[in-house]
Amino acid sequence: MMTTDTQTIPQPHPGVERIEAYVPGKSQATGGKKTFKLSSNETPLGPSPAAKKAFASVAERLEDYPEGSAEVLRKAIATRYGLDPTRIVCGNGSDDLLHLLTIAYVAPGDEAIFTEHGFLVYRIDILMAGGEPIAVPEKNFTADVDAILAAVTPRTKVVFIANPNNPTGTYLPFEEVKRLHAGLPPQVLLVLDGAYAEYVRRNDYSAGMELVSESDNVVITRTFSKIHGLAALRIGWVYAPAHVIDKMNRVRGPFNVNSAAIVAGAAAVADTAHVEKSADHNDKWLPWLTENIRATGLEVLPSVANFILIRFPHTPGKTAKDAEAFLSANGIVVRGVGAYGIPDGLRMTVGTEEANRLTVELLGQFMAQA
Ligand SMILES: *Cc1c(COP(=O)(O)O)cnc(C)c1O
């Protein structure tokens, strides 16, 4: 018998009812000869061939549990970045780690801060933990350190910053991150989400590893889903102070990283030439897309990541929704960002040369049509 009587069915805690389920970027276009998926910031260059080979090798040992601490992967990451492998925990995507950090540090009644157009997963995790999500206004679609510091209360437990941020593509210079850290009470955990760190080519940017090493309340999360091209395998890692690592190891699933992820991730992080190639591709096409889409009359936010946020007019026929439908009918799938508080925006991943040229051509047609 189906019933909606809330007295007679099990009830989740109140935070769960406040969560809006995360809607991933679409995979399918409505038309076009060929589909180009530019909706989830996946790399057009794919993973390292060495990672594919390592992945395939696991097929012979599927009956075995993974090694629970992902030691091979932690050591490969530590070698690449010059870190202590005991200060790294790997996860089933960085989503897993963001979730674990939140449930470990945020209890019902606590507050956790993120920014107005910040990554949606933070809000979901805070509500899941029973905490109160505090969304702080941004300035020019960029995190505002003063506004964040002003929002801190005695109940604040965590501050989440994606740097660069998704979906805006904007970033905080390291001086600003340090100013934010200096202004936070020492008992507040600062989570720096560096999902796009490898793409940034700015002298005033740092993912912030040194800040983690020098303090007791900063952690950095990183992912293999973006530049490493391994989104399907779900691999993330966190670099954190020893006391945070201890808490993460208490709350994580005992086998939260699978065997294929461990070996493929280790091979991917060691293939620095492939990463360089992907970053070079981005460095070539990010400014090209920005300039050429601006030339059609559209506003493009300045991005340092592997995607751009395009803003559309509010005129009927020329809106973000109209553009999304037009692009989709022609094989280009992009991401609407209404859920991020930007209903007039579309986020587009930097794609292959073919995808980038087609998108610019289509946006030119879209803006020119009566
Ligand atoms: C894509 C992305 C991630 C990566 O998530 P995974 O779970 O590692 O795939 C994390 N943070 C931000 C801001 C992202 O855009």
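Structure first, text after, so check above.
Residues numbered from 1 in each chain as written. Predicted model: local features only at pLDDT ≥ 70, side-chain atom pairs only at ≥ 80, totals over all residues. Heavy atoms only, no water.

Read across the open sheet, the 4 strands follow the order β9-β10-β13-β12; overall the sheet is antiparallel. Among the strands making up the open sheet, the edge pair consists of β9 (299-300) and β12 (335-336). Where β12 and strand β13 (residues 345-349) come together, 2 bridges link them in antiparallel fashion. Residue glycine 336 lies in a different strand from β13, and its bridge partner there is leucine 346. Contacting β9, β10 (307-311) and β13, helix α11 (residues 272-294) runs over the sheet at an angle of about 10° to β10. (Pairing = 2+ DSSP bridges. Helix = DSSP H or I, 4+ residues; strand = E, 2+ residues; numbered from the N terminus. Contact = heavy atoms within 4.5 Å. Axes fitted to C-alpha atoms, helices over the stretch in contact; angles between N-to-C directions.)

Counting buried positions over the 5 residues of strand β8 (residues 235-239) gives 5, a clear majority of the element. Burial of β8 is two-sided: the residues Ile235, Trp237 and Tyr239 facing one way and the residues Gly236 and Val238 facing the other way are all buried. Summarising the sheet, strand β7 (residues 218-223) and β8 pair through 4 bridges and their orientation is antiparallel. Paired with arginine 222 across the bridge in β8 is tryptophan 237. (Buried < 20%, exposed > 50% of the residue type's maximum accessible area, 1.4 Å probe, protein only.)

The next subject is the sheet that holds β7. Spatially, 7 strands are ordered β2-β8-β7-β6-β5-β3-β4 in an open sheet, and the strand pairing comes out mixed. Looking along the sheet, the strands with just one partner apiece sit at the ends: β2 (88-92) and β4 (132-136). Ignoring strand direction, the axes of neighbouring strands in this sheet form an average angle of 20°. Sitting on the sheet, helix α3 (residues 71-81) touches β2, β7 and β8, and the angle it makes with β2 is about 125°.

Attention now moves to the environment of alanine 112. If you trace the backbone, alanine 112 turns up in strand β3 (residues 111-115). Judged by relative accessible area, which is 0%, alanine 112 ranks as buried. A C-alpha to C-alpha distance of 8.3 Å links alanine 112 and arginine 155, two positions 43 residues apart in sequence. If we skip the residues at most four places from it in the chain, alanine 112 touches Val106, Ile126, Glu132, Pro133, Ile134, Val158 and Phe160.

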